[in-house]
Amino acid sequence: MKFVDEVKIYTKAGHGGPGCVSFRREKYVPRGGPDGGEGGKGGDVIFRAAESHRTLLDLKYQQHYIAKNGGHGSGNNRSGKSSPDLEIIVPVGTVVKDFETGELLADLSVVGQTYIVCHGGIGGKGNAHFATSTHQTPRFAQEGMEGEERWLKLELKLLADVGIVGFPNSGKSTFISRVSAARPKIADYPFTTLTPHLGVVKHRDSKSFVLADIPGLISGAHEGHGMGIQFLKHVERTFLLLHILDISTEPDDNAWKNYQAINRELGFYNKELLAKPQIVALNKIDLPQVRDRIKKEVALFRKKGIILHPFSAVTGEGITEILNKIIETLNQG
Ligand SMILES: Nc1nc2c(ncn2[C@@H]2O[C@H](COP(=O)(O)OP(=O)(O)OP(=O)(O)O)[C@@H](O)[C@H]2O)c(=O)[nH]1
Ligand SMILES: [Mg+2]
């Protein structure tokens, strides 16, 4: 099943009910005064963030959300019924934007948070409202106000704690499938992962955290090369990044250059990504051509002030150290 993280929907609040034109009818009172009541208010359309929903999938299947109109006012000064609000439940982390303008309307990041996206129209006044000493028998009433309507774009940024970044084929999916129950496809060709995957990691007795595996990046991703950088929105809110490096394929593969190339793409997407703590790891140390170069690479990164964690996603060597480091860093934040 495809991971749904963007949907377009139409929302419309209810119109206010029309006011009523009516005159009192009583025995022995031949010409009673105006007694038309006002219309009821139309229902609002409201978003509510709840933990019960993990994806925007439900909204993909229903595109139109229309709240009911307010009831008509009636005689005897009776107001029309106000309509109930239409509530749309969305996962925590949903961002609501105006589809036409792209304007950010709401960022529903807290459980129970609500946002009124379309206000219902208020009801029209009945003719009783318009009676004055000089105009005692108004034969008109107001229409209700129109309810607001708009097309929206909803985006769900996965709420992962840790995002994995790296070139295609570096072993990101192998890592997540090793440490969590997530089972993204793994293969020896680039761009195996086409959609983000989430995995919950429970390491020893520390609190579990959520890891996000996203499609690989390449140089020029910000210009649309490879899978592009749109998937980086899934790691925008993570607390830290796990940067996986692979120097196994070419003899002149340069871990430092690769490291910088990926960071450049992160910066093109959003400078703030570069401010996140990064845990840098060198994968595939089970392969002799990589094993032979561990010392050199670790020393080179150390010179730049960066700890390089060698590991093998296949044999599991070095993974405990990486998880320890992730948890330590998460705890600091
Ligand atoms: N020898 C060895 N191979 C590995 C290791 N980790 C991953 N691989 C292999 O590398 C290839 C790519 O692994 P993936 O986990 O699919 O890589 P990815 O980074 O998710 O790739 P994309 O989804 O394309 O970005 C597969 O053939 C894996 O079996 C490792 O530690 N050692
Ligand atoms: Mg992958």
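Some points on the overall build of the protein
Alright, step 1. A tally of helices and strands in the protein yields 6 helices and 14 strands.
Alright, step 2. For the protein, the C-alpha radius of gyration of 30 Å lies well beyond 20 Å, the compact-globule estimate for 333 residues.
Alright, step 3. Across its three principal directions, the C-alpha atoms of the protein cover 110 × 40 × 35 Å.
Alright, step 4. Across the 333 residues of the protein, 42% fall into the buried class.
Alright, step 5. The contacts in the protein between residues at least 6 apart in sequence include a share of 71% that link residues at least 24 apart.

Topic: the sheet that holds strand E14 (residues 308-310)
The strands making up a sheet are joined through hydrogen bonds of the backbone, oriented either antiparallel or parallel.
Alright, step 1. As summarised here, the arrangement of the 6 strands in space is E10-E11-E9-E12-E13-E14, forming an open sheet in which the pairing is mixed. In the strand order of this sheet, the two ends are held by strand E10 (197-201) and E14, each with one partner. Averaged over all pairs of adjacent strands, the angle between their axes in this sheet comes to 30 degrees, without regard to strand direction.
Alright, step 2. Against the sheet, helix H3 (residues 255-269) makes contact with strand E9 (162-166), strand E12 (240-245) and strand E13 (278-282), and its axis sits at roughly 140 degrees relative to E12, the strand it touches most.
Alright, step 3. Where helix H5 (residues 294-303) meets the sheet, its contacts fall on E13 and E14, and the angle it forms with E14 comes to roughly 160 degrees.

Observations regarding unusual backbone geometry
Alright, step 1. With a phi angle near 60 degrees, Asn77 is a residue other than glycine that sits in the positive phi range.
Alright, step 2. Position of Asn77 among the secondary structure elements: in the loop between strand E3 (64-66) and strand E4 (86-91).
Alright, step 3. We note that Asn169 has phi near 75 degrees; this positive angle belongs to a residue other than glycine.
Alright, step 4. As for its position among the elements, Asn169 is in the loop between E9 and helix H2 (172-179).
Alright, step 5. A tally of 21 C-beta atoms within 10 Å means that Asn169 is categorised as buried.

Description of the sheet that holds strand E8 (residues 149-156)
Alright, step 1. With respect to topology, 5 strands assemble into an open sheet ordered E3-E1-E8-E5-E6, the strand pairing being mixed. In this open sheet, the two strands that pair with only one neighbour each are E3 and strand E6 (104-108). When the angles between neighbouring strand axes are averaged without regard to direction, this sheet yields 25 degrees.
Alright, step 2. Relative to E8, strand E5 (residues 94-98) runs antiparallel, the two sharing 5 bridges. If you follow Thr94 over to E8, its bridge partner there is Leu156.

What to know about H2
Alright, step 1. Along H2, 6 of the 8 residues are buried, which leaves the element largely enclosed by surrounding structure.
Alright, step 2. Of the surrounding elements, those touching the buried residues of H2 are E9, E10, strand E11 (209-213), E12 and helix H6 (319-332).

Some words on the site of ligand 1
Alright, step 1. Around ligand 1 sit 24 residues in total, of which Gly171, Ser173, Asp188, Thr193 and Gly216 are the nearest.
Alright, step 2. Its residues assigned to classes, the shell around ligand 1 shows 9 nonpolar, 11 polar and 4 charged.

Concerning H3
It helps to recall that an α-helix has 3.6 residues per turn; residues three or four apart then point in one direction.
Alright, step 1. For H3, which comprises 15 residues, the first-to-last C-alpha distance of 22 Å matches the rise-based estimate of 21 Å (1.5 Å per residue) to within 8%.
Alright, step 2. Buried residues of H3: Ala255, Tyr259, Ile262, Glu265, Leu266 and Tyr269, and no others. For H3, the arc enclosing every buried residue in end-on projection is 125 degrees, short of the 170-degree limit, so these residues lie on one face. Set apart from the buried face of H3 by more than 90 degrees, the exposed residues are Lys257 and Gln260.
Alright, step 3. Structurally, H3 contributes buried residues whose contacts are with E9, E12, E13 and H5.

Quick look at the pairing of strand E2 (residues 45-50)
Alright, step 1. Side-chain alternation along E2 places Val45, Phe47 and Ala49 on a buried face and Ile46, Arg48 and Ala50 on a face that remains uncovered.
Alright, step 2. With 6 bridges joining them, E2 and E4 adopt parallel strand pairing. Each bridged residue has a counterpart across the sheet, and for Ala49 the counterpart in E4 is Val90.
Alright, step 3. Pairing analysis gives 4 bridges linking E2 to strand E7 (residues 114-118), with the strands arranged antiparallel. Within the sheet, the bridge partner assigned to Phe47 lies in E7 and is Tyr115.

Conventions we followed
- Residues numbered from 1 in each chain as written.
- Chains lettered and ligands numbered in written order.
- Predicted model: local features only at pLDDT ≥ 70, side-chain atom pairs only at ≥ 80, totals over all residues.
- Helix = DSSP H or I, 4+ residues; strand = E, 2+ residues; numbered from the N terminus.
- Rg over C-alpha atoms; globule rule 2.2 N^0.38 Å.
- Buried ≥ 20, exposed ≤ 12 C-beta atoms within 10 Å, placed from the backbone.
- Contact = placed C-beta atoms within 7 Å.
- Pairing = 2+ DSSP bridges.
- Axes fitted to C-alpha atoms, helices over the stretch in contact; angles between N-to-C directions.
- Near = placed C-beta within 6 Å.
- Nonpolar A, V, L, I, M, F, W, Y, C, P; charged D, E, K, R; others polar.
- Expected span 1.5 Å × (residues − 1).
- Arc of directions from axis to C-beta.

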